[in-house]
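Below, each chain spelled out in residue letters.
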Amino acid sequence: MSRDPLLPAADAALPRRLGPWHAVGLVVGITIGSGIFRTPAVIAERVPDPPLMLAVWLIGGLISLCGALSVAELAAAFPRTGGWYVFVREGWGRLPAFLFGWSELVLIRASATGAIAMVFSSYLLRSLGLDGETSHMPTRLVAAGTIVLTAAANIRGVRLGAALTGASSAGKFTALALLVAVAFVIGDRHGASLAHFARADTAVDAGRFGLALVSVLWAYDGFADVSFAAGEVRDPQRTLPRAIVGGLLAIVVIYIAANAAYLFVLPIGDVARSPLIAADAMRALAGDAGGTVVSLVVALSTFGALSGIMLAAPRIFFAMAAEGLFFRAIGAAHPRYHTPHRAILLSAALGVTFVLTRTFEQLADTFVLAIWPFYGIAVAGLYRLRRSRDSELRSYRTPGYPVVPAIFIAGVVYLVGNAVAVDPVWTLATFAIVLAGLPVYYAVFAGKRG
């Protein structure tokens with residue numbers, strides 16, 4: 001469906017081995033990663049009002065759902081290895097697509113990998129009775145080792161990586177549902193109270209509400225990451241839209257239910273002071289044994305998400321290399337395993353570097369600020385493609401077009417504008433790193449083709 005024959009050539013090196021359940025497992029497995037188990041504390045600190053805290057989760061879910069409904073049309077039309085990179089390229093051309101890939105390389109994917117690995121390490125150490133604070137070096141070292149392990153699994157084979165993610169998807173979703181059920185069934189016997197949902201006296205600043213939305217969007221991010229491996233999905237025109245939209249709908253429901261359970265069990269002040277909120281909530285309900293079990297389940301959950309990230313993201317660099325927008329050597333497929341092994345190794349190396357040098361909050365905020373503007377750009381490209389190449393976008397049509405994509409784009413504009421207003425130095429520094437790809441593109445890649 002793409003006009004450029006190079007992208008199908010790249011896909012030919014990676015066989016279509018992923019079925020519908022693999023695709024749904026990747027959506028759930030990547031999205032339910034570290035966010036729901038780590039960011040509630042950040043959000044409660046930024047929005048110390050229970051109804052508003054739940055509202056920011058709902059708003060973030062609705063924005064993400066508008067994005068999922070829109071990007072499903074792009075995924076069905078262009079089921080090529082590279083996902084969002086391909087969507088930006090098809091809508092706007094090579095330069096914006098390169099800037100997305102450049103940002104993935106120097107900021108986005110290493111930040112995501114590092115943040116998820118940190119949460120895995122924190123909960124794993126907690127389950128073993130050790131201190132899992134993300135600022136401690138043992139936590140960082142375990143996180144780095146886990147990145148290396150998941151990279152090795154995904155080099156071994158796409159089915160192995162997808163199986164690890166899919167297996168953890170069922171476990172983490174079940175664990176969240178069980179936590180919600182236990183909280184509302186027996187919570188009142190252990191200090192839980194509906195009074196915890198009362199409005200707080202503290203006024204919530206609009207800027208901090210916007211920053212809380214950044215954290216919420218980190219938790220929802222990943223709903224379309226299965227598209228990075230779209231070139232390996234069977235029957236992609238049907239499978240991808242169903243996996244992206246259906247998976248995210250289930251995630252929105254369980255996220256809001258989980259946050260309601262957290263607030264029912266613990267006052268919002270305690271939630272704000274609990275970076276390992278799932279373990280602390282279950283400890284309040286079932287004692288130390290309950291906290292240990294949940295810590296172990298969350299560790300397995302985040303391990304699966306990390307495996308999914310390591311499966312999906314390197315496909316961006318693989319696709320770029322295939323069409324001359326990245327170093328050709330990165331586009332090589334392993335002769336035995338048929339996986340983009342060099343791209344995976346590069347992603348792992350950058351993830352290890354970031355996890356050893358930055359905090360969880362820095363990693364999560366940097367990820368959202370760097371990638372969500374490109375999400376908005378990709379979805380905006382849908383309007384251009386509907387006018388110029390409508391015949392290629394017939395497999396799936398976005399419900400509520402053109403309003404639904406516009407809502408998503410407006411959400412992205414609000415996110416960026418609020419970040420510039422509240423934290424201009426860090427936000428503008430992030431964008432400066434993104435734009436630093438311009439001279440790289442013109443000096444090295446502008447005249448190259450695959």
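Reading the values: the criteria
Residues numbered from 1 in each chain as written. Predicted model: local features only at pLDDT ≥ 70, side-chain atom pairs only at ≥ 80, totals over all residues. Heavy atoms only, no water. Helix = DSSP H or I, 4+ residues; strand = E, 2+ residues; numbered from the N terminus. Rg over C-alpha atoms; globule rule 2.2 N^0.38 Å. Buried < 20%, exposed > 50% of the residue type's maximum accessible area, 1.4 Å probe, protein only. Contact = heavy atoms within 4.5 Å. Areas by Shrake-Rupley, 256 points an atom, 1.4 Å probe, with all protein chains shown as cover. Core = buried A, V, L, I, M, F, W, Y, C linked by side-chain atoms within 4.5 Å. 1 Å grid on protein atoms, 1.4 Å probe; cavity = no way out; pocket = protein on both sides within 12 Å on 5 of 7 lines; lining within 4 Å. Points joined across faces, edges and corners; volume = space filled by probe spheres on them. Nonpolar A, V, L, I, M, F, W, Y, C, P; charged D, E, K, R; others polar. Patch = residues over 30% accessible without salt bridge, like charges linked within 9 Å, V, L, I, M, F, W, Y side chains within 5 Å. Salt bridge = Lys/Arg side-chain N within 4 Å of Asp/Glu carboxyl O. Axes fitted to C-alpha atoms, helices over the stretch in contact; angles between N-to-C directions. Parallel < 35°, antiparallel > 145°, perpendicular 65-115°, else oblique. Left-handed = near helix turned anticlockwise from the far one by under 90°. pLDDT = per-residue confidence, 0-100. Expected span 1.5 Å × (residues − 1).

## Concerning the overall build of the protein chain
Along the backbone of the protein chain there are 18 helices and zero strands. Against the globule reference of 22 Å for 450 residues, the protein chain gives a C-alpha radius of gyration of 21 Å, in line with a compact fold. Structurally, the protein chain occupies a C-alpha span of about 65 × 45 × 40 Å along its principal axes. A burial count over the protein chain gives 60% of its 450 residues as buried. Considering only contacts in the protein chain between residues 6 or more positions apart, those separated by 24 or more positions represent 84%. Here the protein chain displays about 15600 Å² of accessible surface, and carbon together with sulfur accounts for 68% of that area.

## What about the nonpolar core?
Judged by nonpolar contacts, the single largest core of 144 residues is most densely connected at Trp57, Trp84, Tyr123, Tyr262 and Trp372. The contacts of tyrosine 262, once residues within four sequence positions are left out, are Ile36, Phe37, Pro40, Leu176, Leu179, Val271, Ile277, Ala278 and Ala281.

## Considerations on the layout of surface pockets
The space that makes up the largest pocket amounts to roughly 180 Å³. Along the wall of the largest pocket there are 13 residues; nearest its centre are Ala175, Leu178, Met282, Val294 and Val297. Where the lining of the largest pocket is concerned, the elements lending two or more residues are α8 (158–186) and α12 (277–312). With seven residues, the single largest contributor to the lining of the largest pocket is α12. In terms of residue class, the lining of the largest pocket is made up of twelve nonpolar, one polar and no charged.

## Observations regarding unusual backbone geometry
A cis amide bond links tyrosine 401 with the next residue in sequence, proline 402, at an omega value of 5°. Inspection of the secondary structure puts proline 402 in the loop between α15 (360–388) and α16 (403–422). For aspartate 235, which is not glycine, the phi dihedral falls at a positive 45°. Among the secondary structure elements, aspartate 235 is positioned in the loop between α9 (206–220) and α10 (236–265). By relative accessible area, which is 40% here, aspartate 235 ends up partly exposed.

## Details of a nonpolar patch on the surface
A contiguous nonpolar patch, built from Met137, Leu141 and Leu356 and spanning about 270 Å² of accessible area, is present on the exposed surface. Along the chain, leucine 141 falls in helix α7 (residues 137–156). On the basis of relative accessible area, leucine 141 is assigned to the exposed category, the value being 51%.

## Here we look at the packing of helix α6 (residues 94–127) against helix α17 (residues 424–435)
Interhelical geometry of α6 versus α17 gives an angle of 120° and a closest axis separation of 8 Å. It follows from the interaxial angle that α6 and α17 lie oblique. Along this stretch, α6 crosses α17, giving a crossing that reads as right-handed. Two secondary-structure elements touch here, α6 through Leu99, Trp102, Ser103, Val106 and Leu107 and α17 through Thr430, Ile433 and Val434. Along the lines of polarity and charge, the residues of the contact of α6 with α17 split into six nonpolar, two polar and no charged.

## Some remarks on the confidence of the model for the protein chain
Residues of the protein chain with pLDDT of at least 70 account for 91%, and the chain-wide mean is 84. Here residues 1–10 is a poorly scored stretch, pLDDT under 50, and it has 34 contacts once near neighbours within four places are set aside; other chains count.

## Thoughts on empty space enclosed by the protein
One pass over the structure, following the stated rule, counts three cavities of 30 Å³ or more. Roughly 100 Å³ of volume is contained in the largest cavity. In terms of lining residues, the largest cavity is bounded by 14 residues, among which Ile30, Ile116, Trp218, Asp221 and Ile309 are the most central. Here the residues of the lining of the largest cavity are counted per class, giving six nonpolar, five polar and three charged. In this model, the second largest cavity occupies a volume close to 40 Å³. If you go around the second largest cavity, the residues you meet are Thr39, Val42, Ser215, Trp218, Phe360, Glu361, Ala364 and Asp365. Broken down by secondary-structure element, the contributors of at least two residues to the lining of the second largest cavity are α3 (35–46), α9 and α15. The greatest single-element share of the lining of the second largest cavity, amounting to four residues, is contributed by α15.

## Describing α10
Taking 1.5 Å per residue, 30 residues should reach 44 Å; α10 reaches 42 Å between its end C-alpha atoms and fits that length. The element α10 is largely enclosed, with a buried count of 21 among its 30 residues.

## Some thoughts on the environment of isoleucine 32
Tracing the backbone shows isoleucine 32 in the loop between α2 (20–31) and α3. A relative accessible area of 0% means that isoleucine 32 is categorised as buried. Remark: the alpha-carbon pair of isoleucine 32 and alanine 305, spanning 273 residues in sequence, is separated by 7.0 Å.

## Things to note about the pattern of salt bridges
A side chain with one charge can pair with a side chain of the opposite charge if their charged atoms come near. This structure, assessed with the given rule, holds 15 salt bridges. In this structure, the salt-bridge partner of arginine 397 is glutamate 73, at a minimum N-O distance of 3.9 Å. Placement of the pair is arginine 397 in the loop between α15 and α16 and glutamate 73 in helix α4 (residues 50–77), with a sequence separation of 324 residues. With relative accessibility at 32%, the residue arginine 397 sits in the partly exposed group. Here the salt bridges share partners, and the residues they tie into one network are Glu73, Arg386, Asp390, Arg394 and Arg397.

## Section: the side chain of serine 103
Turning to its location among the elements, serine 103 is positioned in helix α6. Residue class for serine 103 comes out buried when judged on its relative accessible area of 0%. If near-sequence neighbours (up to four positions away) are discounted, serine 103 is found in contact with Ile108, Phe374 and Val434.

## Observations concerning the packing of helix α5 (residues 84–92) against α15
Axis separation between α5 and α15 bottoms out at 8 Å; the angle between their running directions is 45°. The orientation of α5 with respect to α15, classified from their angle, is oblique. The interaxial crossing formed by α5 with α15 has left-handed handedness. Facing Trp84, Phe87, Val88, Glu90, Gly91 and Trp92 of α5, the residues of α15 in contact are Phe374, Tyr375, Ile377, Ala378, Val379, Ala380, Gly381, Arg384 and Leu385. A class-by-class count of the residues in the contact of α5 with α15 yields eleven nonpolar, two polar and two charged.

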